[in-house]
Amino acid sequence: MVTKRKKKTKGSFKGKVSRNAAKQSRGTALGHLNLPADMPVYYANAGTRVLFDILPYEVTSPNHLDRDEEYEVAVEGQLWYKLPYLFHRNIGSSNEAIVCPTSAKRKCPICEHRAKMLRDGADWADDAVKALKPSKRNLYRIIPKGHKDYKEAPHIFDIAQANFQTTLNEEVQENEKYETFPDLEEGWTLKVRFSEGQIGSNKFAEASRIDFIERKKPYDESILDGLASLDDILIIPTYKDASKLFFEGMDQDEIYDDDDADYEEEYDEDEDEEPEEEYDEDEDELDDEEPEEDEDEEPEEDEDEDEEPEPEPPKPKRGKKPAKSKKAAKNPKCPHGHTFGEDCEEYDE
């Protein structure tokens, strides 16, 4: 869906990007994206130094995870530069990857199941528990600059939080002068050095340094005309669809309620992130393999403020049973005058 834009406010990013970065500081196949036919995808490659501009987009969703009404960050009708979301991998027997419904502040059956496992005594470090924790990613609209493999036109950039945004946050917090980098008129070009990270046998590109270069000329607002909103590109499954994929064939009514009501827990972007898959330009797709866990990684011990909030599973829809007194429990009386435990097979009552 293409939306009509209101004229933006000059310098609208000043004071917002750095605050959002401070708040945050407390790869994959693209089947989760509904990409327009004329919108190519940009892939980061390890061992490269690249230039690109990040373009803002007009927020249309009331449930944006960066939303901060007090400071008018990521609210409907305002320009913002990224779309954060949560991502589940290796779901179901077919090992599919889906966007977590909590990305739209709705309940997720996978997260609920993980929370139940922990309440039932599972350890945070258990592979089964860690496998269900969603990873954090971000979508951007960028324009590559002087790149031999990409035209100087809008592209979609999809990358793990820890492999780009974490470094960007650090640079902005170091010098808030650069927080206007997404602004059409006052923005900066990003010069990014992508180094090679590795966990186990999985190699991936991660931003190890970001510099800001003054743009030669500002962008006209018309460059945003006709571009699809990032909110419309991300495919977020319903609770029912995510449950059907995760539990595969089980009666959904016996598992959790099909409830897509807004989920109001706070989104916390920490740095506990899985690596980005390496993109091979000779291949048509990204490698979908789940990155191996670092054997030296410290297990999570409890749910502290740096952890992702655990949603409560819905309670079963049934009436409450009347409470029994302790006295009645010890000396039960039969309404027919018989003796409990002795006359149970003697009378029809």
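Everything below is about the structure printed above this text.
Fair warning: this is a prediction, and the values are worked out from it, not measured in the lab. (Residues numbered from 1 in each chain as written. Predicted model: local features only at pLDDT ≥ 70, side-chain atom pairs only at ≥ 80, totals over all residues. Heavy atoms only, no water.)

Trainee: Looking at this structure, I do not really get the nonpolar core. What am I missing?
Mentor: A general trend in soluble globular proteins is that nonpolar side chains are found buried together. Ranked by size, the top nonpolar core spans 53 residues in total, and within it F52, F157, F164, F181, L190 and F194 carry the most contacts. Every residue in contact with L190, bar those within four places of it in the chain, is listed here: V50, L51, F52, D53, I54, F164, L168, F181, I210, D211 and F212. With 12 residues, the next largest nonpolar core counts C108, C111, A242 and L245 among its residues. (Core = buried A, V, L, I, M, F, W, Y, C linked by side-chain atoms within 4.5 Å. Buried < 20%, exposed > 50% of the residue type's maximum accessible area, 1.4 Å probe, protein only. Contact = heavy atoms within 4.5 Å.)

Trainee: What's the story with the pairing of strand β5 (residues 83–91) in this structure? I'm lost.
Mentor: Side-chain positions along a regular strand alternate between the two faces of the sheet. Across the 9 residues of β5, 8 count as buried, placing the element largely inside the fold. Alignment of β5 against strand β6 (residues 96–99), held across 3 bridges, turns out to be antiparallel. Across the sheet, the residue bridging to H88 is I98, located in β6. What sits between the antiparallel neighbours β5 and β6 is a turn of 4 residues, in which G92 has the positive phi angle 75 degrees. (Helix = DSSP H or I, 4+ residues; strand = E, 2+ residues; numbered from the N terminus. Pairing = 2+ DSSP bridges.)

Trainee: Got a minute to help me understand the environment of L234 in this structure?
Mentor: With respect to the helices and strands, L234 occurs in the loop between α5 (230–233) and α6 (239–247). With relative accessibility at 8%, the residue L234 sits in the buried group. For L234 and Y85, which are 149 residues apart along the polypeptide, the C-alpha to C-alpha distance reads 8.7 Å. Here L234 is in contact with H32, L33, L83, Y85, V99 and L139, once residues within four sequence places are set aside.

Trainee: Just checking my understanding: could you explain the pattern of salt bridges for this structure?
Mentor: Oppositely charged side chains may form a pair once their charged atoms are brought near each other. Taken as a whole, this structure holds 9 salt bridges when the rule is applied. Close ionic contact of D66 with K82 constitutes a salt bridge, the shortest N to O distance being 2.6 Å. Placement of the pair is D66 in the loop between β3 (57–58) and β4 (79–80) and K82 in the loop between β4 and β5, with a sequence separation of 16 residues. (Salt bridge = Lys/Arg side-chain N within 4 Å of Asp/Glu carboxyl O.)

Trainee: I'm lost on the pairing of strand β9 (residues 188–199) in this one. Help?
Mentor: Note: strand β2 (residues 48–55) against β9, 5 bridges, orientation antiparallel. In the strand pairing of β9, L51 is matched with K191. Looking at chain direction, β9 and strand β10 (residues 202–214) are connected through 12 bridges and run antiparallel. By the bridge assignment for β10, S195 is matched with E206.

Trainee: I'm lost on the packing of aromatic side chains in this one. Help?
Mentor: Aromatic rings considered in pairs are described by the distance between their centres and by the relative angle of their planes. All told, the structure shown has 16 aromatic pairs when counted by the stated rule. Judged by centre distance (5.0 Å) and plane angle (55 degrees), the ring pair of W80 and Y81 falls under tilted. Looking at Y81, the relative accessible area reads 1%, which means it is buried. Here Y85 and F87 contribute two aromatic rings whose centre-to-centre distance is 6.0 Å and whose plane-to-plane angle is 90 degrees, an arrangement assigned as edge-to-face. Judged by relative accessible area, F87 falls into the buried class, the value being 1%. An aromatic cluster is defined as three or more aromatic residues linked by ring pairs; in this entry it consists of F13, W80, Y81, Y178, F181, W188 and F212. Sitting over the ring of F87, R137 keeps its end group 5.9 Å from the ring centre. (Phe/Tyr/Trp six-rings, centres within 6.5 Å; stacked < 30°, edge-to-face > 60°. Lys NZ or Arg CZ within 6 Å of the ring centre and 35° of its normal.)

Trainee: How should I be thinking about unusual backbone geometry in this particular structure?
Mentor: The phi torsion of most residues other than glycine is negative, and most of the peptide bonds are trans. Residue E72 is not a glycine yet carries a positive backbone phi of 55 degrees. Here E72 shows up in the loop between β3 and β4. Although it is not a glycine, N90 adopts a positive phi angle of roughly 55 degrees. Topologically, N90 is positioned in strand β5.

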